[in-house]
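What follows is the residue order along each chain.
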Amino acid sequence: MKNCLYVGSFNPPTTIHLKITKDLLDLKVIDYLYFLPVNSKAKAKELVSIESRINMLNLIKIKNQEVLNIYTFNNLGFFNYLILENIKKTYQINYLLMGSDLFLKLDTFLEYENILKNYYLIVIQRDKNDLEAIISLKYSFYKNKIIIIKKEYSGSSTKSREGLASGKSLYLDDKVLDYIKKNNLYN
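What comes next concerns the included structure.

Each value, and the rule that gives it
- Residues numbered from 1 in each chain as written.
- Predicted model: local features only at pLDDT ≥ 70, side-chain atom pairs only at ≥ 80, totals over all residues.
- Heavy atoms only, no water.
- Helix = DSSP H or I, 4+ residues; strand = E, 2+ residues; numbered from the N terminus.
- Buried < 20%, exposed > 50% of the residue type's maximum accessible area, 1.4 Å probe, protein only.
- Contact = heavy atoms within 4.5 Å.
- Polar contact = N/O pair within 3.5 Å; in protein donor to acceptor, adjacent residues only side chain to side chain.

Trans peptide bonds make up the majority, and among non-glycine residues the majority have a negative phi. Note that the residue after N11, namely P12, is joined by a cis bond; omega there is 0 degrees. On the secondary structure map, P12 appears in the loop between β1 (3-8) and α1 (15-26). Despite not being glycine, Y171 has its phi angle at roughly 60 degrees, a positive value. In this fold, Y171 is placed in the loop between α7 (157-165) and α8 (174-182). One non-glycine residue, Y186, adopts positive backbone phi at about 60 degrees. Counting through the fold element by element, Y186 comes out in the segment after α8. Owing to a relative accessible area of 15%, Y186 belongs among the buried residues under this scheme.

In structure tokens form, the structure reads like this:
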């Protein structure tokens, strides 16, 4: 079974997040996906609560998807390799899904080599970066464990937040937009 963990802020979760995961499931790249909204020290001022992000993800998840709560594994809401290993024990995770922006920072993660040794990575091409060249240069030993998805997915949580500030609902499912309005988020 190919169980995948999708770690991110999901601040807010967008139709793009959902489209990526639906495509991966439909194409049988993975069998099951777990969303894991986490906190980010760099974006602390922009984040709504993890509980709100979990609620929004639960509104839009589809078959073969589940939303996990980082607080089950870490009381600060941050993600690291030890937490990943604990999640793996419970949910048999063997794939990690990330955007190319995060992949470009992979070598700054604590124990990133253990991630490469113990997991397959699915990397969504987000910019014009030459991921294949980066893999050849930095991670050639693990190239058979890194899957690059080259399909163009435009949009982001940042663009959604910016749209909300100007009264637009870019890349947001109606259920998520209703939740945001009802709970007065992103004002």
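What follows deals with the environment of S40. In this fold, S40 is placed in the loop between β2 (32-37) and α2 (50-60). Overall, S40 belongs to the partly exposed group, its relative accessible area being 23%. With 111 residues separating them along the chain, S40 and K151 place their C-alpha atoms 27 Å apart. Apart from residues no more than four positions distant in its own chain, S40 is found in contact with L47 and F78.

What follows covers the side chain of N74. The topology assignment puts N74 in the loop between β3 (65-67) and α3 (81-91). For N74, a relative accessible area of 17% puts it in the buried group. A polar atom in the side chain of N74 sits 3.4 Å from the backbone oxygen of F78.

Interpretation note: all reported values are geometric properties and have no functional meaning in isolation.
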